[in-house]
Amino acid sequence: MLAFLGFLTVALMLALIIWKKLTPTVALIAAPLVTGLISCGFTVTDPEAAPGRIDFLQNAKNLGGMIVGAQGIGSVAATGVMFLFSILFFGILTDAGTFRPIIRGIIRRMGGNPVLITLGTALLAMCVHLDGSGAVTFLICVPPLVPLYDAMSMRRTTLATTVALAAGTMNILPWGGPTIRAASALGAGDPVGFFLPVLPAVGVGLACVLGFAAMLGLWEKSRAGRLAPAGGAYQEQELSPEQQALLRPRLFWVNIGLIVLAIASLLLSGLAPAVVFMIFYVLATVINYPNVDQSKARVDAHAQSAMMMCSVLFAAGCFCGIMKGSGMIDAMAKALVSVMPDSLARFFPAITGVISMPASLVFDPDSFYYGVLPILGETAKGFGVDPLMVGRAAILGQMTTGFPVSPLSPATFLLVGLAGVDLGEHQKRTIPFALALTLIMLAVAMLTGGVSL
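Thresholds, definitions, all that
In this numbering scheme, every chain counts its residues from 1 along its sequence in written order. In view of the model being predicted, local features appear only for residues whose pLDDT reaches at least 70, and side-chain atom pairs are presented and counted only at 80 or more, with totals across whole chains, interfaces and linings using the full set of residues. Side-chain figures throughout are based on the complete set of non-hydrogen atoms in the structure, without hydrogens or water. Here a helix means four or more residues in a row that DSSP labels H or I, a strand means two or more in a row labelled E, and each is numbered from the N terminus. Accessibility here uses a 1.4 Å probe with only protein chains present; expressed as a share of the type maximum, an area under 20% marks a residue as buried, one over 50% as exposed, and anything in between as partly exposed. The contact rule is simple, with two residues in contact once any of their heavy atoms fall within 4.5 Å. Every accessible area reported is derived by Shrake-Rupley at a probe size of 1.4 Å, with residue values counting cover from the shown protein chains alone. One side-chain nitrogen of Lys or Arg within 4 Å of one carboxyl oxygen of Asp or Glu is enough to make a salt bridge. Here an angle of 0 to 180 degrees is reported between the N-to-C directions of two axes, which are lines fitted to C-alpha atoms, with helices fitted over the stretch in contact. Whether a crossing is left-handed or right-handed is set by the direction in which the near helix is turned from the far one by less than a right angle, anticlockwise for left-handed and clockwise for right-handed. Residues are grouped as follows: Ala, Val, Leu, Ile, Met, Phe, Trp, Tyr, Cys and Pro are nonpolar; Asp, Glu, Lys and Arg are charged; every other residue, Gly included, is polar. In this analysis, a patch consists of residues with relative accessible area above 30% that form no salt bridge, clustered at 9 Å for like charges and at 5 Å for the nonpolar side chains Val, Leu, Ile, Met, Phe, Trp and Tyr. Working definition: rings of Phe, Tyr and Trp (its six-membered ring) pair if their centres are within 6.5 Å, and the pair is stacked with planes under 30 degrees apart, edge-to-face with planes over 60 apart, and tilted otherwise. Working definition of a nonpolar core: buried Ala, Val, Leu, Ile, Met, Phe, Trp, Tyr and Cys residues. They are joined through side-chain atoms within 4.5 Å. Confidence of the predictor in every single residue is expressed as pLDDT, which spans 0 to 100. Helix span, as expected, comes to 1.5 Å for every residue beyond the first. It is the directions from the helix axis to the C-beta atoms whose arc is reported. Residues adjacent in sequence count toward polar contacts only when both atoms are side-chain atoms; beyond that, a polar contact is any pair of N or O atoms within 3.5 Å, and within protein one must be able to donate a hydrogen and the other to accept it.

Turning our attention to the overall build of the chain. Of the regular secondary structure elements, the chain holds 21 helices and zero strands. For the chain, the residues scored as buried account for 52% of the 453 residues in total. Put simply, 79% of the contacts in the chain that link residues at least 6 apart link residues at least 24 apart. Summed over its atoms, the accessible surface of the chain is roughly 18,600 Å², and 68% of this surface lies on carbon and sulfur atoms.

Time to look at the side chain of Thr285. Relative to the elements of secondary structure, Thr285 occurs in helix α14 (residues 273-288). Once you skip the residues sitting within four places of it in the chain, Thr285 turns out to touch Ile92, Pro290 and Ser295.

Let us now look at the pattern of salt bridges. Taken as a whole, this structure holds two salt bridges when the rule is applied. For Arg298, the salt bridge identified is with Asp95, shortest N-O distance 2.8 Å. Of this pair, Arg298 sits in helix α15 (residues 292-325) while Asp95 sits in helix α4 (residues 73-95), and the two are 203 residues apart along the sequence. As far as burial versus exposure is concerned, Arg298 and Asp95 are alike and both buried.

The next thing to look at is the packing of helix α6 (residues 114-128) against helix α8 (residues 156-170). Interaxial distance between α6 and α8 falls to 8 Å at its minimum, and their mutual angle equals 35°. Note that α6 runs across α8; the crossing there is right-handed. On α8, the residues touching Thr118, Thr121, Ala122, Ala125 and Met126 of α6 are Thr158, Leu159, Thr162, Val163, Ala166 and Met170. Among the residues making up the contact of α6 with α8, the classes are represented as seven nonpolar, four polar and no charged.

Turning our eyes to something else, we now look at a nonpolar patch on the surface. Side chains of Leu344, Phe347, Ile351, Val354, Ile355, Leu439, Met446 and Leu453 sit close together on the surface and give an oily, nonpolar patch of about 620 Å² of accessible area. Among the secondary structure elements, those contributing two or more residues to the nonpolar patch are α17 (348-359) and α21 (423-448). The element that contributes the greatest number of residues to the nonpolar patch is α17, accounting for three residues. Mapping Ile351 onto the fold places it in helix α17.

Moving on: the packing of aromatic side chains. For the structure on display, the rule yields 12 aromatic pairs. Linked through ring pairs, Phe89, Phe90, Trp175, Phe277 and Phe280 together constitute an aromatic cluster.

Attention now moves to the nonpolar core. Membership of the largest hydrophobic core comes to 130 residues, with the highest contact counts inside it found for Phe89 and Phe368. Contacts of Phe89, omitting those with residues within four sequence positions, involve Leu258, Ile259, Ala262, Phe277, Phe280, Tyr281 and Ala284.

Residues at a pLDDT of 70 or more form 88% of the chain, whose mean pLDDT is 81. The secondary-structure element of the chain with the lowest mean pLDDT is helix α5 (residues 100-108), recorded at 71, while α8 shows the highest, at 94. Taken together, the stretch residues 226-234 has pLDDT below 50 and engages in 14 contacts with residues farther than four places along the chain or on a different chain.

For helix α9 (residues 177-185), the buried fraction is high: nine of the nine residues fall into the buried class. Within α9, the full set of buried residues consists of Gly177, Pro178, Thr179, Ile180, Arg181, Ala182, Ala183, Ser184 and Ala185.

Note that Arg156 resides in helix α8. On the basis of relative accessibility, which here comes to 28%, the residue Arg156 falls in the partly exposed class. For the pair Arg156 and Val421, spaced 265 residues apart in the sequence, the C-alpha separation amounts to 6.7 Å. Setting aside chain neighbours within four positions, we find Arg156 in contact with Val146, Asp150, Ala419, Gly420 and Val421.

The next subject is the environment of Gly371. Here Gly371 shows up in helix α18 (residues 365-382). With 186 residues separating them along the chain, Gly371 and Ala185 place their C-alpha atoms 8.6 Å apart.

Moving on: α14. Here α14 contains 16 residues, and its C-alpha end-to-end distance of 22 Å stays within 8% of the 22 Å for a straight helix at 1.5 Å per residue. Turning to α14, its buried residues number three or more, namely Pro273, Ala274, Val276, Phe277, Phe280, Tyr281, Ala284, Thr285 and Asn288. With its buried residues spanning 155° around the axis, α14 presents them on a single face.

This part covers the environment of Lys221. Examined against the element boundaries, Lys221 turns out to sit in helix α11 (residues 199-224). On the accessibility criterion, Lys221 (38% relative accessible area) is partly exposed. Between the C-alpha atoms of Lys221 and Pro114, which are 107 residues apart in sequence, the distance is 5.9 Å. With near-sequence residues (within four places) excluded, Lys221 lies in contact with Asn113 and Pro114.

By the element assignment, His129 lies in the loop between α6 and α7 (134-151). At 3.4 Å, the side chain of His129 forms a polar contact with the backbone oxygen of Ala167. Among the polar contacts made by the side chain of His129, one reaches the side chain of Asn171 at a distance of 3.1 Å. Ignoring anything within four residues of it in the chain, the contact list for His129 reads Gly134, Thr137, Ala167, Met170, Asn171 and Phe403.

Now the structure itself:
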């Protein structure tokens, strides 16, 4: 019965989110609460003291402990802190105009060569997506480049595909949403430690993105023939007076140094990611906006996006806490183990990696990482396979390379809207590249031990 309730919980949560009946935050809390209360009637409170006795009231009270305990909100608290301060850190640097000279330099060096244009587009998207926000990446990268692509008679679908591949691969970084979700859902704790084994695969993936970008540029060049330089078609978007007042051009190299030190600290210092971003948020604020009123205004400017993600994260802690504490996850895993052929057991991480990118078309990140991945992880554990291997395989495609083509991602519609392309055409052009990218990274991860069988 617990296994049935577990599958019902996941199905209910997916339906509520996919059909937009409830927000992810509400669905992640409401679905397990309802089935968790029902499961209280099938759980033995103290089998040793009273064999067969079921204390419904006591079990219902235990739900609160499941929610806030080590398997619930306690498991995602540090991750929530990390995400909050990473948004504030990168947000402040963006407000200070740190990335504008980089963007300007890349665009100016593109010239009139379609190959250089697509390569520059990919590099630009990689740099901008350091903050892990697809919407910000698309807003910064696409509008300035549309006039350039039009002037060069290059297809806008090429622009959308190139930006999507670069942003999707960068989305695997440990402060990106999918990796944070996967680490939290599997109880990995530190997202950076969870991510590091697949770093070589991601490096190869970024190199492949540049290769694909060059290929797209060559196709555009062969299609249009020899093209003249754009001749000033690109015009940088003007900033409002309020935005101009926030720029700190004299602090450009200081802010670049902060980014380099922050990334180095994440990878080498041994400090918890939450601590790293807390420290560097303080440094970025004191250096760029020492005035108290300005500092408060910067927090207010980024509060909405920070609160939205953190609320989903803590709601996911509620979901995981009830699912694990009630025994539903274990029961579901045992049910899956009982029907899966033993011959496929050792290939479970590879199978997950292969289906991870297409799964982006069916599951949004919250549904997959908090609803499906824990079940896959526990099922793999039942076969003697490390659940973290399944999680690392999943982040190579599910809402990483797959998020800019998923109809369940609002950022996808922002991308196609800004580029002025049809969603179907964008998916037709981009999905084959995204799938190939995921499979290449999966193969590298398996060769380097990031995902082992």
